[in-house]
Amino acid sequence: MAFFLETLFGGLMAGMLYSLVALGFVLIFKASGVFNFAQGAMVLFAALAMARFSEWIPQWLGIDNKIIGNVLAFMGAAVLMFLLAWLVERLVLRHLVNQEGVTLLMATLGITYFIDGLGQTIFGSAVYRIDVGMPKEPIFVFDGVFQGGLLINKEDLIAALVAACLVLGLSLFFQRTPTGRALRAVADDHQAAQSIGIPLNRMWVIVWFVAGITALVAGIIWGSKIGVQFSLTTVALKALPVIILGGLTSVPGAIIGGLIIGVGEKLSEVYIGPMVGGGIELWFAYVLALVFLLFRPQGLFGEKIIDRV
C-alpha cells in the first residue's frame, strides 16, 4: 500500500508540472483563439534567460546574496518575456486580426523557430543550471501509518504547491478582474470586442505576457529539476495530451488533465511496464489523448474546438 501511495503522489506531482506548461496553451487560446505552438519554445527561452541572468547579474552588480541575485534574475527574465510578448503582437498578431485560425496557427510555428534561434543566439546552447534553493533531498511522511513512512521528494512537493498557487491566481484573474473578463470577450469574438471599445492589440500583449510568466515559472521548476537544455521543449509535448484531455478552453481542465496523465503514466509504468518491457511512461499520454480525440475531441471540460476556429 505504501509503495502504491508513493507512486500515486509522484504521479500527482508530475501532473501538476505538466499542467503548468499546459496552462500557457490554454491561456492564449482562451483569450485570443490562437493555438500557440510556441509555448514550448517560450518555456525554454524563459528558462535560459533565468539561468543566464542568475549568473550574469551578480557578476555585473557584485552581488553575493543568492536570493537577491535570483530575484533580480527573475525580474529581468519577466521583463524579457514582456518585450517578447510586445514584439509578437507588434510584428505578427496585429497584422493577422480576424484571420483564419489556421493562419494564426502557422504564425505561431514561425514564432517557435524564431524564439528557439533567438534564445540560443543570446544565451548559448549549453546545458545550464538553475539554483533557486529548492531542496533536493526526499522526506518520509506518515511514519505512524505505514512502516517506514512514505518517501516524497521535497522539490516535487514545493513545485506542485507553486503550480497550484499560480493556477489559483490565474483562475481568479480571468473570473474576477475587468482585464480577465475583457480577455474572455476577445476570445469569444474579436470584432464584437473591438466594437465595444476593448483594445484588441493591448489584450493580446497582456495574454502573451501572462503566458510568458507561466512559461518562466515552468522553466524555472523544470530547469531546477533537469537543467536548462534544448530538450526542455519536449516537456511541452507532454502538455499537448494534457490539454486534449482536459479541454483547450478550460483552466481547471488543464489541471485535471495533468493530474490524470501524471498519475496514469506513473502507475502504468510501475505495474504494467514490467509485463511489456517498460517504456509505457513515454507514450501513455499520447495514446490516452488519441482515445479522447476519437470519442470526445473537446476534452473533459472544453468547448468544441471546431466551433471556435
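Everything numeric here is computed off the predicted structure, so don't read it as measured data.

Caption draft 1: Seen up close, the overall build of the chain. Along its length, the chain carries 12 helices and two strands. Element order for the chain, N to C, with α for helix and β for strand: α-α-α-α-β-β-α-α-α-α-α-α-α-α. Over its C-alpha trace the chain gives a radius of gyration of 20 Å, about what one expects of a compact globule, namely 19 Å for 309 residues. Summarising its shape, the C-alpha atoms of the chain cover approximately 65 × 60 × 35 Å along the three principal directions. In the chain, buried positions account for 50% of the 309 residues. Look at the contacts in the chain between residues 6 or more apart in sequence, and 74% of them connect residues 24 or more apart. Of the roughly 14500 Å² of accessible surface on the chain, a fraction of 67% belongs to carbon and sulfur atoms. Side-chain charges in the chain split into 18 positive and 18 negative, and the spacing between the mean points of these groups amounts to 7 Å.

Caption draft 2: View of a nonpolar patch on the surface. There is a patch of nonpolar side chains on the surface, built from Leu237, Leu282, Trp283, Tyr286, Val287, Leu290, Val291, Leu293, Leu294 and Phe295 and spanning about 1100 Å² of accessible area. Here the nonpolar patch gets nine residues from one element, more than from any other, and that element is helix H12 (residues 280-295). Of note, Val291 is situated in helix H12.

Caption draft 3: Focus on the packing of aromatic side chains. This structure, assessed with the given rule, holds 10 aromatic pairs. On the numbers, 5.1 Å between centres and 75° between planes, the contact of Phe35 with Phe37 is edge-to-face. Between the aromatic rings of Phe45 and Phe123, the centroid separation amounts to 5.9 Å while the plane-to-plane angle is 65°, which identifies the pairing as edge-to-face. Here Phe45, found in helix H2 (residues 39-61), pairs with Phe123, found in helix H4 (residues 101-123); they are 78 residues apart in sequence, far enough to count as distant. Given the relative accessible area of 2%, Phe45 is considered buried. In textbook terms, an aromatic cluster arises when at least three aromatic residues are bridged by ring pairs, as seen for Phe45, Phe53, Trp56, Trp60 and Phe123.

Caption draft 4: Spotlight on the packing of helix H9 (residues 233-246) against H12. Across the interface, H9 lies against H12 with an axial gap of 9 Å and an inter-helix angle of 30°. Classified by the angle between their axes, H9 and H12 sit roughly parallel to one another. For the element pair H9 and H12, the recorded crossing hand is left-handed. Contacts from Leu237, Lys238, Pro241, Ile244 and Leu245 in H9 reach Glu281, Ala285, Tyr286, Leu288, Ala289, Phe292 and Leu293 in H12.

Caption draft 5: Local environment of H4. Between its first and last C-alpha atoms H4 spans 32 Å; for 23 residues at 1.5 Å apiece the expected length is 33 Å, and the two agree. Buried residues of H4: Gly101, Leu104, Ala107, Thr108, Ile111, Thr112, Ile115, Asp116, Gly119 and Phe123, and no others. Buried residues in H4 make contact with H2, helix H3 (66-91), helix H8 (200-226) and H9. In the segment just after H4, Gly124 is the residue with positive phi, at about 95°.

Caption draft 6: Region of the structure containing the side chain of Glu265. Within the secondary structure layout, Glu265 lies in helix H10 (residues 251-271). Overall, Glu265 belongs to the buried group, its relative accessible area being 0%. When neighbours within four sequence positions are excluded, Glu265 is seen to be in contact with Tyr18, Lys238, Glu281 and Phe284.

Caption draft 7: Up close: the pattern of salt bridges. Evaluated as defined, the whole model comprises four salt bridges. Residue Asp131 pairs with Arg129 through a salt bridge whose shortest N-O separation is 3.4 Å. A single salt-bridge network, built from bridges that share partners, covers Lys66, Arg129 and Asp131.

Caption draft 8: Structural detail: the environment of Glu55. Checked against the element boundaries, Glu55 lands in helix H2. For Glu55, a relative accessible area of 30% translates into the label partly exposed. In the structure, Glu55 is positioned 14 residues away from Gly69 in sequence and 8.2 Å away in space, judged by C-alpha atoms. Here Arg52 takes part through its side chain, which lies 2.9 Å from a polar atom of the side chain of Glu55.

Caption draft 9: Geometry of H2. Taking 1.5 Å of rise per residue, the 23 residues of H2 would be expected to cover 33 Å, and the 32 Å separating its terminal C-alpha atoms lies within 8% of that figure. Taken as a whole, H2 carries its principal kink of about 30° at Phe53. Looking one or two places after H2, you find Gly62, whose phi comes out positive at around 70°.

Caption draft 10: Region of the structure containing the side chain of Glu89. Mapped onto the secondary structure, Glu89 falls in helix H3. Looking at Glu89, the relative accessible area reads 2%, which means it is buried. Once you skip the residues sitting within four places of it in the chain, Glu89 turns out to touch Arg94, Asn201, Trp204 and Val205.

Rules behind the numbers
- Residues numbered from 1 in each chain as written.
- Predicted model: local features only at pLDDT ≥ 70, side-chain atom pairs only at ≥ 80, totals over all residues.
- Heavy atoms only, no water.
- Helix = DSSP H or I, 4+ residues; strand = E, 2+ residues; numbered from the N terminus.
- Rg over C-alpha atoms; globule rule 2.2 N^0.38 Å.
- Buried < 20%, exposed > 50% of the residue type's maximum accessible area, 1.4 Å probe, protein only.
- Contact = heavy atoms within 4.5 Å.
- Areas by Shrake-Rupley, 256 points an atom, 1.4 Å probe, with all protein chains shown as cover.
- Lys, Arg positive; Asp, Glu negative; His and termini not counted.
- Charge placed at Lys NZ, Arg CZ, Asp CG, Glu CD.
- Patch = residues over 30% accessible without salt bridge, like charges linked within 9 Å, V, L, I, M, F, W, Y side chains within 5 Å.
- Salt bridge = Lys/Arg side-chain N within 4 Å of Asp/Glu carboxyl O.
- Phe/Tyr/Trp six-rings, centres within 6.5 Å; stacked < 30°, edge-to-face > 60°.
- Axes fitted to C-alpha atoms, helices over the stretch in contact; angles between N-to-C directions.
- Parallel < 35°, antiparallel > 145°, perpendicular 65-115°, else oblique.
- Left-handed = near helix turned anticlockwise from the far one by under 90°.
- Expected span 1.5 Å × (residues − 1).
- Polar contact = N/O pair within 3.5 Å; in protein donor to acceptor, adjacent residues only side chain to side chain.
- Bend = angle between axes of the 7 residues up to and from the residue.

On their own, these measurements won't tell you what the molecule is for.
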